[in-house]
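Secondary and tertiary structure notes
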Amino acid sequence: MSNGVKSDRMTPKERMKSFAAGQEIDRIPCMPLIGDHACRLIGASVSSYSHSAELMAEGQIAVFRLYRPDGAGVGPGLFGIAEAMGTKLKFPEDGMPFVNEPVLKDWSDFSTLTPVDPYRDGRLPLFLKALRLINEQIGDQVGVGSSVGGPFTAAASLRGTEKFLKDLRRNPEMVHALLQLVTESALRYIDAVCDLGFKPSISEPTASGTLISATQFQEFAKPYLKMYADRIIERCGSGPMLHICGNTKRIWTDMADIGATILSLDNIIDLAEAKEAVGHRACLAGNVKPVETLMKGNREQIYAEAKECLRKTYDSPKGYILSSGCALALNTPQENVMALMDAARIYGSYPIDPEKLV
Amino acid sequence: MSSNQEILDRLAQGVRDMDEELTAAAAQEALQKQIGVLKAINEGLVVGMNEAGSLYEAEEYFVPELLLCSDAMYAGLDILTPHLERAESRARAVIGVIEGDTHDIGKNLVKLMLEVGGFEIYDLGRDVPLADFVAKVKEVKADILCLSTLMSTTMDGMAEVIDLLKKEGLREQVAVIVGGGPISQAFADRIGADGYSENAIGSVKLAKQLVLQRS
């Protein structure tokens, strides 16, 4: 370990198992949202990585071996379900994939959509295979999970975000029908992941308070997110991690109502406020700035921000996980990701000394 | 028989209340009563859009509402603008979302406001290669270049575009304004942009100011 950083005394698997059971652990867990940054560790382009179970597994295994974060895995992310239902994505050689052609141009085409078969449709089978490969190599040391896009984000990816947002007022009935269908698809994927023994997490950026009101969230996102969470609780025994970017202040209570066990929050909110509002109901995760600090900053700056997060949240009643506010930028320097992990080890080791966090 | 002011009020109301039908009907009336097209736009539609902007700032309107307001505005514009006698030379604006980013809702709102503000728009769309901005500025002799991004990872592309403009000897000819989620006045200053606007409504005012300063 560099800079005299204490070695971990538990494996991530042991740590998170005890954490979930409310038992003593050696340090604050740390799970930066690694995502496609894994490509950089194996020299693969994002597009080839995204189309190969072997490369995805290789990348995420390399991530674990280098950083030893407290979680590992791979998943269809924001667009995988919508893609499997017919939306066309574009895969830049070396950039994040994005929605290129939403499949639902007219509501009259709605009846042509069907729920996915996770073993056949889109790239879903690749993720299931990658999960198995990852587990084979490192499943004894770390919990393996799968990130799936939430219902609102998936529905927006099927319809086109601009049209979808307008449809909330113009055609709420069809919006609900679409959300219902997307949920059916997601539940099938969730079941497939759980059948393998892994736990899904949810990422729902389009339902952010930065885009829609709390009322719109409650009507259009919350009921369906709850269906995802209910299935995950039923299959895995506990609720998922739920990540929503942007300004979530007005919907923290709703996020907890959904049954999420961990609320993963963006850097534009204040963790201290979140702790006040919902720290007694769910574990909080976040929120070091992914670009300004983790990509462009140095070790000192990363330590400073990690300390601030810890200072605010280390004593949150339902626990706290040090993380990035959002997915890491592809070009985040490896030393920086390491620095975040080290920060958890240096400043987050129990017993935590608040004096050291100023 | 509606007075001119009543018609202007209805144009504004139609936009603010996201009512395409009301806006379109009021636009027809405005033509019939020969209220000048520019007047109908600036004292009717734009007033409505400004009110929508205020409701957005007050967190009563969110993005869905702004999109519907802009649809109502387009409904009015579709009827009015064919009757607009354009000034001989309109200021030309190139606009687009920086390469690597595909979020374009904000950019579309700015585009609408600039069009309404009398600019001739060249919309390059989203995920625009940096050199394409420069090429278009050169091709159309743009007065304003508007760069948009929602993502922090692509922000630096804006600085690169400004650099490319300098290299091409075009920097002095065009005013560059920047906007988007992660953007700030400080960032705009740091990269040498000519201006920053926090929202679409403000962007027109800024763009007009900058064009005026240059003439």
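Residues numbered from 1 in each chain as written. Chains lettered and ligands numbered in written order. Predicted model: local features only at pLDDT ≥ 70, side-chain atom pairs only at ≥ 80, totals over all residues.

What follows deals with the overall build of chain B. A tally of regular secondary structure across chain B gives nine helices and five strands. Listed N to C, the secondary structure of chain B is α-α-α-α-β-α-β-α-β-α-β-α-β-α in terms of helices and strands. Here the C-alpha radius of gyration of chain B, 18 Å, is about what a compact globule of 215 residues would show, namely 17 Å. When the 215 residues of chain B are sorted by exposure, 51% land in the buried category. For chain B, restricting intrachain contacts to residue pairs at least 6 apart in sequence, the fraction spanning at least 24 positions comes to 74%. (Helix = DSSP H or I, 4+ residues; strand = E, 2+ residues; numbered from the N terminus. Rg over C-alpha atoms; globule rule 2.2 N^0.38 Å. Buried ≥ 20, exposed ≤ 12 C-beta atoms within 10 Å, placed from the backbone. Contact = placed C-beta atoms within 7 Å.)

What follows covers the domain arrangement of chain B. Residue and element names in this part refer to chain B. Here chain B is described as being made up of domain 1 (4-83) and domain 2 (92-214). Placing the centre of domain 1 and that of domain 2 at their C-alpha centroids yields a distance of 26 Å. Facing eleven residues of domain 1, the contacting portion of domain 2 comprises six residues. Looking at the side of domain 1 that touches domain 2, the elements that each hand over two or more residues are helix H3 (37-57) and helix H4 (63-80). Among the elements that take part in the side of domain 1 that touches domain 2, H3 stands out by supplying six residues, more than any other. Residues belonging to the side of domain 1 that touches domain 2 are distributed by class as follows: eight nonpolar, three polar and no charged. (Domains from an automatic or database assignment. Nonpolar A, V, L, I, M, F, W, Y, C, P; charged D, E, K, R; others polar.)

This part covers helix H7 (residues 151-159) of chain A. Residues and elements named next belong to chain A. For H7, the tally of buried residues reaches nine of nine residues, placing the bulk of the element in the interior. Of the residues making up H7, those classed as buried are Pro151, Phe152, Thr153, Ala154, Ala155, Ala156, Ser157, Leu158 and Arg159. In this structure, the buried side of H7 is in contact with helix H5 (80-84), strand E3 (98-101), strand E4 (144-149), helix H8 (161-170), helix H9 (172-195) and helix H10 (214-236). Remark: Gly160 follows H7 within two positions and exhibits a positive phi of approximately 95°.

Moving on: the interface of chain B and chain A. Taken together, the contact pairs ten residues of chain B with 14 residues of chain A. A per-element tally of the side of chain B that touches chain A places H4 of chain B first, with four residues. Residues belonging to the side of chain B that touches chain A are distributed by class as follows: six nonpolar, four polar and no charged.

A separate point is the environment of Gln137 of chain A. All names here are of chain A. Residue position: Gln137 is located in helix H6 (residues 124-138). A tally of 16 C-beta atoms within 10 Å means that Gln137 is categorised as partly exposed. Separated by 79 residues in the primary sequence, Gln137 and Glu58 have C-alpha atoms spaced 9.6 Å apart.

Two strands in a sheet stick together by hydrogen bonds in their backbones, pointing the same way (parallel) or opposite ways (antiparallel). All names here are of chain B. Pairing is parallel across the open sheet formed by five strands, whose spatial order is E2-E1-E3-E4-E5. One side of each edge strand has no neighbouring strand; the edge strands of this open sheet are strand E2 (120-123) and strand E5 (195-196). Bridge count between strand E4 (residues 175-179) and E5: two bridges; the pairing is parallel. Along E5, the bridge assignment pairs Val178 with Tyr196. Seen against the sheet, helix H9 (residues 200-214) touches strand E1 (92-97), strand E3 (144-148), E4 and E5 and runs at an angle of roughly 165° to E4. (Pairing = 2+ DSSP bridges. Axes fitted to C-alpha atoms, helices over the stretch in contact; angles between N-to-C directions.)

On to the confidence of the model for chain B, then. The predicted structure's coordinates, where accompanied by low pLDDT, should not be read in detail. Per-residue confidence for chain B gives a mean pLDDT of 94; residues scoring 70 or more make up 99%. Reported confidence for the predicted complex is 0.94 by ipTM and 0.95 by pTM. (pLDDT = per-residue confidence, 0-100.)

The residue after Gly286 of chain A, namely Asn287 of chain A, is reached through a cis peptide bond having omega -20°. As for its position among the elements, Asn287 of chain A is in strand E8 (residues 283-288). Between Tyr350 of chain A and Pro351 of chain A the backbone carries a cis peptide bond, its omega angle lying at -5°. Structurally, Pro351 of chain A can be placed in the segment after helix H15 (334-347). For Arg68 of chain A, which is not glycine, the phi dihedral falls at a positive 50°. Here Arg68 of chain A shows up in the loop between helix H4 (53-67) and strand E1 (72-73). Overall, Arg68 of chain A belongs to the partly exposed group, with 19 C-beta atoms counted inside 10 Å. Positive phi, close to 50°, is recorded for Asp127 of chain B, a residue that is not glycine.

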